[in-house]
Amino acid sequence: MNTHFIFWDINVWADGALRLLMITGLMTVVAMGLIYLERKVLARFHQRVGPQRTGPLGLLQSVADALKLVGKEDLRPTNADPWTFELAPYLVFIPIFLGFVVIPFVADWQVRVLDLGILYFVAASSLTIVGWVAAGWGSDNRYAMIGGLRSAAQAISYELPLVLSLLSVGIVAGTLNLNEMVQGQSAVPNIVWQPMAFFIFFIAALAELNRTPFDIPVGESEVVGGPFVEYSGIRWSMFFLGEYAGMFIMSILAGAVFLGGYEWPFGGELGRGWQVVLVGVKSSIFIFLVFWVRASMPRLRIDQLMGYAWKVLVPLSLVQVLLNGAVLVYGGPKIILTVTGLAGIVFLFWITDRAVSKPRVRPANPAMQTEAAS
Amino acid sequence: MEQANALFSNYLAVILATIVGFFLVVSALVGSRLLAPFSKEREKGTTYECGMLPIRRASTNVGVRFYLYAILFVIFDVEAVFIFPWALSFLAIGPQAYWLMVAFIAILGLGLGYAWKKGALQWH
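Residues numbered from 1 in each chain as written. Chains lettered and ligands numbered in written order. Predicted model: local features only at pLDDT ≥ 70, side-chain atom pairs only at ≥ 80, totals over all residues. Heavy atoms only, no water.

What about the overall build of chain B?
So, point 1. If you tally the helices and strands in chain B, you get three helices and zero strands.
So, point 2. If you list the helices and strands of chain B from N to C, you get α-α-α.
So, point 3. The C-alpha radius of gyration computed for chain B amounts to 25 Å, which surpasses the reference 14 Å derived for 124 residues by more than 25%, pointing to a less compact arrangement than a globule.
So, point 4. If you line up chain B on its principal axes, its C-alpha atoms span 70 × 50 × 20 Å.
So, point 5. Across the 124 residues in chain B, those meeting the buried criterion constitute 34%.
So, point 6. Intrachain contacts of chain B at a sequence separation of at least 6 include 50% that bridge at least 24 residues.
So, point 7. Carbon and sulfur atoms make up 69% of the accessible area of chain B, which amounts to about 8000 Å² in all.
So, point 8. For chain B, the distance from the average site of its 9 positive side-chain charges to the average site of its 6 negative ones is 14 Å. (Helix = DSSP H or I, 4+ residues; strand = E, 2+ residues; numbered from the N terminus. Rg over C-alpha atoms; globule rule 2.2 N^0.38 Å. Buried < 20%, exposed > 50% of the residue type's maximum accessible area, 1.4 Å probe, protein only. Contact = heavy atoms within 4.5 Å. Areas by Shrake-Rupley, 256 points an atom, 1.4 Å probe, with all protein chains shown as cover. Lys, Arg positive; Asp, Glu negative; His and termini not counted. Charge placed at Lys NZ, Arg CZ, Asp CG, Glu CD.)

As structure tokens, this is what we get:
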């Protein structure tokens, strides 16, 4: 009966803690780099120069911002609910950090290989919604509360397309283990079989990360900054860090699930250095797309946002799941999936274009009309 | 003991990540506590830090449409949870498992169509 209980094994804890601390360092550096890069890339899109005064090429801009944020006064409104208000930064940040456990950075280097990695990732990272609502509710500010509710409505709506698109890739790959999924792409990356799932994933990820054009919860011109209006100083920067860490994690996930992670499709075993380069390039593509969309799209209205999730993305991703099942069960050639996926992308573009160019005239609110008549 | 070991060897990292994430936020807050100025001025505690007092608390009634979307979300998220184990095992079971899932999704699709027809998906 004296079998070894792993819970008391100090080595396991130390190994995990060391890896998590390394990830923490990486996450902080990458988040600061992303903030700098976003400003630079957006500046290029706007034909500006961007940050250039702080350090060579403005590289120290994020460091300066971080120092400023640490040194700022951290206020809590008198009316705010103390528990909810104080807990919200933890509730937003910790779930995002939990996602790093399963992310395969390079071969044989990640915190833990979980067999249900994708399920774990979506389950853990979606807990962030609780933090957003808590921040909105706890601040005792009407705009913050509306922002919190909007973010909840948006996050739960786009959760479904995100989960279903990842799942449809899981069906084709035959596994939900992220490591096995990456290794299965040593010949052909999954995006070839699932182009539409990648599109749906990209759109849903934009919405989950609250990036433009889905930044309704934090829209400055509508809800003056959303749930975080009353936060200042270091607590606000925790939300900010969480946002960019979320983008980092989502880009690596997209690279691993759709683009093949650290595998090079044209054969040959790669050294660790090249794997880092590959993962970096693949996630940079995703991040650049996010910046590009931000530079070129206006913000959606909330009815467009919810309608797009429920009427277009959810049915399409369900169809994709069933189609994958049919092709795999009856052993059809996988090329069918590519063709139908591309057709699905065309359909997605067509329906989006139709919605944009022929907006439905919304009937006037009858209550308002009778009020005007009387 | 074997099962407990398997469970913990997988999810010990998750517990650990929770702890590390918690201490990350705590250390940032402590760092700010040490570096940032703090004042006890009363007006700083008002909404927007501007001194104008808002009328009533912010926690007012919430539109019912949020509730509708929440119900729809619960239904479809449970559905997604059902699809997860199916996705890994339907190939081993064969075509009938596939057609069962088709029926399941069709029923939910009918539900979505009904909600659509009823205007529950229209934000107004």
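So, the domain arrangement of chain A
All names here are of chain A.
So, point 1. When the domains of chain A are assigned, the result is domain 1 (11-71) and domain 2 (76-359).
So, point 2. Spacing between the C-alpha centres of domain 1 and domain 2 amounts to 21 Å.
So, point 3. Facing the 18 residues of domain 1 at the interface are 25 residues of domain 2.
So, point 4. With both sides pooled, the region where domain 1 packs onto domain 2 buries about 2100 Å², and carbon together with sulfur makes up 84% of that total.
So, point 5. Three residues stand out in domain 1 for area buried against domain 2, namely Met-27, Glu-38 and Leu-69, and they jointly supply 29% of the buried area on that side.
So, point 6. In this assembly, domain 1 and domain 2 are joined by two salt bridges.
So, point 7. Between Arg-211 and Glu-38 there is a salt bridge, with its nearest N and O atoms 2.4 Å apart.
So, point 8. Elements represented by at least two residues in the side of domain 1 that touches domain 2 include exactly α1 (10-45) and α2 (61-70).
So, point 9. In terms of residues, the side of domain 1 that touches domain 2 owes the most to one element, α1, which gives 16 residues.
So, point 10. Classifying every residue of the side of domain 1 that touches domain 2 gives 15 nonpolar, one polar and two charged. (Domains from an automatic or database assignment. Buried area = accessible area lost by both parts, 1.4 Å probe. Salt bridge = Lys/Arg side-chain N within 4 Å of Asp/Glu carboxyl O. Nonpolar A, V, L, I, M, F, W, Y, C, P; charged D, E, K, R; others polar.)

As for the environment of A:Pro298
Residue and element names in this part refer to chain A.
So, point 1. Among the structural elements, Pro-298 can be located in the loop between α12 (272-296) and α13 (302-329).
So, point 2. Take Pro-298: its relative accessible area is 63%, and that puts it in the exposed class.
So, point 3. Remark: the alpha-carbon pair of Pro-298 and Asp-215, spanning 83 residues in sequence, is separated by 9.8 Å.

Notes on the packing of aromatic side chains
Residues and elements named next belong to chain A.
So, point 1. Within the structure shown, the criterion is met by 28 aromatic pairs over all chains.
So, point 2. Note on Phe-45 and Phe-288: the rings are 6.2 Å apart at their centroids and 25° apart in plane angle, and the pair reads as stacked. One end of the pair, Phe-45, is in helix α1; the other, Phe-288, is in helix α12, with 243 residues separating them in the sequence.
So, point 3. Relative accessible area serves as the criterion here: at 38%, Phe-288 is assigned to the partly exposed category. (Phe/Tyr/Trp six-rings, centres within 6.5 Å; stacked < 30°, edge-to-face > 60°.)

Quick notes on the interface of chain A and chain B
So, point 1. Contacts between the two partners involve 81 residues from chain A and, on the opposite side, 69 residues from chain B.
So, point 2. Where chain A touches chain B, the interface holds two residue pairs in polar contact (both at pLDDT 80 or more).
So, point 3. The class makeup of the residues in the side of chain A that touches chain B is 54 nonpolar, 12 polar and 15 charged. (Polar contact = N/O pair within 3.5 Å; in protein donor to acceptor, adjacent residues only side chain to side chain.)

Brief notes about the confidence of the model for chain B
So, point 1. Put simply, chain B has an average pLDDT of 82, and 96% of its residues get 70 or more.
So, point 2. Within chain B, the element-level pLDDT minimum falls on helix α1 (residues 2-35) of chain B, averaging 84, and the maximum on helix α3 (residues 95-117) of chain B, averaging 89. (pLDDT = per-residue confidence, 0-100.)

A closer look at the side chain of A:Arg150
So, point 1. Looking at the secondary structure, you find A:Arg150 in helix α6 (residues 142-173).
So, point 2. The residues touching A:Arg150, leaving out its near neighbours within four places in the chain, are A:Ile216, A:Pro217, A:Glu222, A:Val223, A:Ile302 and B:Phe66.

A short note on the domain arrangement of chain B
So, point 1. For chain B, the assigned domains are domain 1 (1-60) and domain 2 (62-124).
So, point 2. Of note, the centres of domain 1 of chain B and domain 2 of chain B, computed from C-alpha atoms alone, are 35 Å apart.

Quick notes on α13(A)
Residue pairs three or four apart in sequence face the same way in an α-helix, which turns once every 3.6 residues.
All names here are of chain A.
So, point 1. The terminal C-alpha atoms of α13, which comprises 28 residues, lie 39 Å apart, in line with the 40 Å expected from a rise of 1.5 Å per residue.
So, point 2. For α13, the principal kink sits at Tyr-308 and spans about 30°.
So, point 3. Of all 28 residues that make up α13, 23 are buried, and the element is covered over most of its length.
So, point 4. Just downstream of α13 lies Gly-331, where phi reads positive at about 65°. (Expected span 1.5 Å × (residues − 1). Bend = angle between axes of the 7 residues up to and from the residue.)

Points about the nonpolar core
The nonpolar side chains of a soluble globular protein tend to be buried with one another.
So, point 1. Counting residues in hydrophobic clusters, the biggest one holds 128 residues, and the most contacted among them are A:Tyr158, A:Phe201, A:Trp310 and B:Trp86.
So, point 2. Of the residues forming this core, the biggest block, 15 residues, is contributed by α13(A).
So, point 3. In contact with A:Trp310, other than residues within four places in its own chain, are A:Ser157, A:Leu160, A:Pro315, B:Tyr69, B:Leu72, B:Phe73, B:Phe76, B:Leu112 and B:Leu121.
So, point 4. In terms of nonpolar packing, the next biggest core, distinct from the first, is built from 11 residues, A:Phe85, A:Trp132, A:Ala135 and A:Tyr231 among them. (Core = buried A, V, L, I, M, F, W, Y, C linked by side-chain atoms within 4.5 Å.)

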